[in-house]
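Residue strings, one per chain:
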Amino acid sequence: MTEYVAMSKINWLNSVFLIATPILAIAGIIFHFAYFGPPGLVELLVFLGLYFACGLSITVGYHRLFSHRSHDASWPLVLFYAIFGAGAFQNSIIEWCSDHRNHHKYTDEETDPYSASRGFWYSHMGWILVEDNKFENDFSNVKDLQESKIIMWQHNNIFLIGALSGILLPVAIGYFLAGISGAIGCLVWGGIVRIVFVHHGTFLINSAAHIWGKQPYSQENTSKDSFWLAFLTFGEGYHNFHHTFQADYRNGHRWYHVDPSKWWIRSFKLLGLKSNLKSTPKHSVEIARMNVKFEKSMNKLSE
């Protein structure tokens, strides 16, 4: 880690934003409680609405649709993901997916942008705070995404779209429904606090999902399956399955697995807005599981 930082320089924009938002969230909560009391129904609904809209735009849109092409989506949904993904403040679809494809291509290696081998905090958010020339991306691995006018529109206007959907929209809804107190409350809860929650939910998949959990499908990398992480991250916590079967639109492949992203995709397929859902055959999943059991048994015998 020391050697890496020495070769890097601080990304001040990312650093200030990621450090300031939790501080502003705590200060905003204290201020709101002091002057307006606990959050009301308006603040709760705006927080939940944008938490799901922005969170699912990352997990379903940025991740499963754009990064892995696990299914197809109609243009209204692509536009939805572009707008509310920007409101999650995790960069544009182009940059996010380029990093993520490199993560899968070089998992745990030095060229993995957020390699878990560098430690929890580096993979959680440290990699965002620094810049390194060897990780400079020319986006050659996302040429397919650059063919979309909606995606390129988002990439070229990411900060404006993010400010409108992630900050000004909750303020406007709060003001319309509850006046100035609602505007302030929705700015705090639906804006700043929600940004922090969505940020660190995503970051946990880069960090915790490579440290804690089980490896039922593959031991080739550090990815793990965790029910608790899946519960907190719209189903993304079944990470060992995902790394093993990257093109699958599901992360939780069993019917009882908590995977809201999977349910969202299936629901819009019924409405005719999604199609070509890719899923791994059951026998392939079971073969992977049996191979891991065999490997673990052989390791115990050798010990």
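Here the structure is shown first, and the text comes after it.
As the structure is a computational prediction, the values presented were derived from the model and not from experiment.

(A) The overall build of the protein chain, seen in detail. For the protein chain, the count of helices and strands is twelve helices and four strands. The C-alpha extent of the protein chain, read off along each of the three principal axes, is 65 × 50 × 40 Å. Counting over 303 residues, the protein chain shows a buried share of 50%. Once local pairs closer than 6 in sequence are excluded, the contacts in the protein chain between residues at least 24 apart make up 71%. Accessible surface for the protein chain amounts to roughly 15,300 Å². Of this, 66% is attributable to carbon and sulfur atoms. Taken as two groups, the 24 positive and 23 negative side-chain charges of the protein chain have centres that lie 9 Å from each other.

(B) Representation of the pattern of salt bridges in the model. Per the stated rule, a full pass over the model turns up eight salt bridges. The partner of Arg-64 in a salt bridge is Glu-236, and the shortest N-O contact between them spans 2.6 Å. Separated by 172 residues along the polypeptide, Arg-64 in helix H3 (residues 41-67) and Glu-236 in the loop between helix H9 (227-232) and helix H10 (239-244) bring together distant segments of the chain. Taking the relative accessible area as the measure of exposure, Arg-64 reaches 1% and is therefore buried. For Glu-236, a relative accessible area of 6% corresponds to the buried category. With a shortest N-O distance of 3.6 Å, Arg-254 and Glu-286 are connected by a salt bridge. Highlighted residues: Arg-254 in the loop between H10 and helix H11 (260-270) and Glu-286 in helix H12 (residues 282-302), separated in sequence by 32 residues. A single network of salt bridges, built from pairs that share partners, joins Arg-64, Glu-236 and Asp-259.

(C) Representation of the nonpolar core in the model. In terms of nonpolar packing, the biggest core is built from 42 residues, with Tyr-62, Phe-66, Ile-93, Cys-97 and Leu-145 touching the most fellow members. Elements with a minimum of two residues in this core: H3, helix H4 (75-86), helix H5 (93-105), helix H7 (149-156), helix H8 (158-206) and H11. The element contributing the most residues to this core is H3, with 13 residues. In contact with Leu-145, other than residues within four places in its own chain, are Phe-66, Arg-69, Ile-93, Ile-94, Cys-97, Arg-101 and Ile-151.

(D) Spatial organisation of helix H2 (residues 12-36). Taking 1.5 Å as the rise per residue, H2 with 25 residues should run 36 Å; its terminal C-alpha atoms sit 34 Å apart, in good agreement. In H2, a bend of some 25° at Ala-20 exceeds every other bend along the element, and Pro-22, a proline, comes one to four places later. The complete set of buried residues in H2 reads Ser-15, Leu-18, Thr-21, Ala-25, Gly-28 and His-32. Of the surrounding secondary structure, the elements contacted by the buried residues of H2 are strand S1 (9-10), H3, helix H6 (120-129) and H8. The opening residue of H2 is Asn-11, an N-cap whose side-chain oxygen sits 3.3 Å from the backbone nitrogen of Leu-13. Following H2 by one or two positions, Gly-37 has its phi on the positive side, about 85°.

(E) Representation of unusual backbone geometry within the structure. Despite not being glycine, Arg-69 shows a phi value in the positive range, around 50°. Locating Arg-69 in the fold gives a position in the loop between H3 and strand S2 (72-73). Positive phi values are uncommon outside glycine, yet Phe-234 reaches one of about 55°. Relative to the elements of secondary structure, Phe-234 occurs in the loop between H9 and H10.

(F) Inspection of the packing of H3 against H11 at higher detail. Running from N to C, H3 and H11 point in directions that differ by 75°, and their axes come no closer than 10 Å. Viewed along their axes, H3 and H11 adopt a mutual orientation that is roughly perpendicular. Of the residues in H11, those touching H3 at Leu-56, Thr-59, Val-60 and Arg-64 are Pro-260, Ser-261, Lys-262, Trp-264 and Ile-265. Class assignment for the residues of the contact of H3 with H11 results in five nonpolar, two polar and two charged.

(G) Molecular detail of the environment of Lys-143. Along the chain, Lys-143 falls in the loop between strand S3 (130-131) and H7. Residues Lys-143 and Ser-98 lie 45 residues apart in sequence; the distance between their C-alpha atoms is 9.6 Å.

Scoring rules and cut-offs
- Residues numbered from 1 in each chain as written.
- Predicted model: local features only at pLDDT ≥ 70, side-chain atom pairs only at ≥ 80, totals over all residues.
- Heavy atoms only, no water.
- Helix = DSSP H or I, 4+ residues; strand = E, 2+ residues; numbered from the N terminus.
- Buried < 20%, exposed > 50% of the residue type's maximum accessible area, 1.4 Å probe, protein only.
- Contact = heavy atoms within 4.5 Å.
- Areas by Shrake-Rupley, 256 points an atom, 1.4 Å probe, with all protein chains shown as cover.
- Lys, Arg positive; Asp, Glu negative; His and termini not counted.
- Charge placed at Lys NZ, Arg CZ, Asp CG, Glu CD.
- Salt bridge = Lys/Arg side-chain N within 4 Å of Asp/Glu carboxyl O.
- Core = buried A, V, L, I, M, F, W, Y, C linked by side-chain atoms within 4.5 Å.
- Expected span 1.5 Å × (residues − 1).
- Bend = angle between axes of the 7 residues up to and from the residue.
- Polar contact = N/O pair within 3.5 Å; in protein donor to acceptor, adjacent residues only side chain to side chain.
- Axes fitted to C-alpha atoms, helices over the stretch in contact; angles between N-to-C directions.
- Parallel < 35°, antiparallel > 145°, perpendicular 65-115°, else oblique.
- Nonpolar A, V, L, I, M, F, W, Y, C, P; charged D, E, K, R; others polar.

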